[in-house]
Amino acid sequence: MKKKVILFGRGNLAIRIADWFMDNADFELVTVVPVIPEPLWMDSLTEWCKKNKISYIPSGNYADIENVSRSDWKIDLVFSCFYDKIVKQWFIEKCENILNLHHAPLPKYRGILPINWALKNKEKKHGVTIHKITQGIDDGPIISQIDYSIYEDIDEVEDVYKRATEYAWTLFQQTIPILDKINPISQDDSLSSYYSKEDRKRLGDRLSYNRKINKNFLE
């Protein structure tokens, strides 16, 4: 029996993941919850849904999923790729598995703009993590993770973002087929770091997508 999947997210990587689920014989992509409004500099996940006749939530709010009953509804897998809302406990409990992809080597760089902060802090390595969603912020048990080199002297945020996206895509493809065999690993909170929206002003020129070009920053 196919596992029923709901995808949360935005942008090109979410579209690649949606394509993967749609084409995989072991999964059925039943609904997509896009980030609304969708960033203008990313391909539209909503338009992908329309083109491929996949159900989606126009509001972008996971709580508006049609036919959800808090008493009897269940889904096999929810996968979040840069979704922008905190998922409530009642929804988490309706999912057999609910995962998030985060552009950081958790437990370091929980919260927003992890790539920006890694460059600001002159890190030599960064990473991508797939982890379980909990009521905390990016603190759920780790499913899989990969590290890669970054170069604060030459890298812009856009450079690392593109690199991270390719590593994230590889990690996703290698993780999901063996998901049922993986034992999640709890995060070590003593090694954690966290940045909120209130911290953004401390980023300086690393707030921008590119220090030389005034573009929207990435979350």
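No experiment lies behind these values; they were computed from the predicted model shown. Along each chain, numbering runs from 1 in the same order as the chain's sequence is written. Given that this is a predicted model, residues contribute local features only at a pLDDT of at least 70 and side-chain atom pairs are listed and counted only at 80 or more, while totals for whole chains, interfaces and linings are drawn from all residues. Each side-chain value is worked out from all heavy atoms of the structure, with water and hydrogens disregarded.

> How do you make sense of unusual backbone geometry when you look at a structure like this?
A cis amide bond links Ile36 to the next residue, Pro37, at an omega of -5°. Strands are runs of DSSP state E lasting at least 2 residues, helices are runs of H or I lasting at least 4, and numbering of each runs from the N terminus. The residue Pro37 is located in the loop between strand 2 (27–34) and helix 2 (45–52) in this model. The peptide bond linking Leu106 to Pro107 adopts the cis configuration, its omega dihedral lying at 15°. Of note, Pro107 is situated in the loop between strand 4 (98–102) and strand 5 (110–111).

> How should the pattern of salt bridges be read in this particular structure?
Pairing is possible between side chains that carry opposite charge, provided their charged atoms lie close to one another. By salt bridge we mean one thing: a side-chain nitrogen of Lys or Arg within 4 Å of a carboxyl oxygen of Asp or Glu. In the structure shown here, the tally under the stated rule is 12 salt bridges. Its salt-bridge partner being Arg16, residue Glu166 comes within 3.0 Å of it at the nearest N-O pair. Linking Glu166 in helix 5 (residues 157–175) with Arg16 in helix 1 (residues 11–23), this pair joins segments that are 150 residues apart in sequence. Note on Arg16: relative accessible area 27%, which makes it partly exposed. A salt bridge links Arg211 to Glu156; its shortest N-O distance comes to 3.2 Å. One end of the pair, Arg211, is in the segment after strand 8 (194–195); the other, Glu156, is in the loop between strand 7 (142–149) and helix 5, and 55 residues separate them in sequence. Within this structure, Glu156, Arg206 and Arg211 form a network of salt bridges that share partners. We call a residue buried when its accessible area falls under 20% of the maximum for its residue type, exposed when it is over 50%, and partly exposed in between, using a 1.4 Å probe and counting protein chains only.

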